[in-house]
Amino acid sequence: MEELATINNDEAVVSYDVLLDAVKEAEARIEAVNRIKKAALKVTNQQDWIDQNGKPYLQSSGAEKIARLFNISWRLEEPIFEQEEDGHFSYSFKGYFTMKGITIEAIGVRSSKDGFFTKYKDGKPLPVSAIDEGDVRKAAFTNCI
């Protein structure tokens, strides 16, 4: 027969205090996130946001404003260019974003297949040769930011 583990009252009090501290810290983080959201909205304007399928999407212009507000720095690696057999291509950027010593990684990618670049003419998509490679590269950069 297995023995049941027992906890004496002193251990239970310590564990309970740890839980209370964790809840206080979580509530403080929630409040901080809400304050950050309010500050981000104050520093950005309508042109910094777009509607993407009913959800707000922050554009590069807004991200740069928020980065300055919160002293966020970034470093981007050289872009990766990929050529596909059908002639289409894509660019991807990897970035490292740092705030108060904590760094996160992000990737921004755009493809020449994106409807933004293959605008239709006379009901037919533009040929790959008509798509500006620099525009695709800049779009990948701004997606990363």
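Residues numbered from 1 in each chain as written. Predicted model: local features only at pLDDT ≥ 70, side-chain atom pairs only at ≥ 80, totals over all residues. Heavy atoms only, no water.

(A) Structural context of the packing of aromatic side chains. Enumeration over the complete set of coordinates arrives at 5 aromatic pairs. Each ring, one from Phe-93 and one from Phe-141, has its centre 5.7 Å from the other, and the planes form 80°; the classification is edge-to-face. In this pair, Phe-93 sits in strand β5 (residues 89–99) while Phe-141 sits in helix α3 (residues 133–144), placing the two residues 48 residues apart along the sequence. Take Phe-93: its relative accessible area is 7%, and that puts it in the buried class. Owing to a relative accessible area of 30%, Phe-141 belongs among the partly exposed residues under this scheme. The rings of Phe-81, Phe-89 and Tyr-91 are connected pair by pair, giving a single aromatic cluster. (Phe/Tyr/Trp six-rings, centres within 6.5 Å; stacked < 30°, edge-to-face > 60°. Helix = DSSP H or I, 4+ residues; strand = E, 2+ residues; numbered from the N terminus. Buried < 20%, exposed > 50% of the residue type's maximum accessible area, 1.4 Å probe, protein only.)

(B) Here's a closer look at the pattern of salt bridges. Enumeration according to the criterion identifies 7 salt bridges in this entry. Note that Asp-86 is salt-bridged to Lys-113, the shortest N-O span being 3.7 Å. Of this pair, Asp-86 sits in the loop between β4 (80–83) and β5 while Lys-113 sits in the loop between β6 (102–111) and β7 (120–121), and the two are 27 residues apart along the sequence. Between Lys-94 and Glu-105 there is a salt bridge; the shortest N-O distance is 3.7 Å. Residue Lys-94 is found in strand β5, and its partner Glu-105 is found in strand β6; the two are separated by 11 residues along the sequence. With relative accessibility at 27%, the residue Lys-94 sits in the partly exposed group. Among the ionic contacts, a cluster of salt bridges with common partners joins Glu-84, Asp-86 and Lys-113. (Salt bridge = Lys/Arg side-chain N within 4 Å of Asp/Glu carboxyl O.)

Any link to function would need more than the numbers given here.
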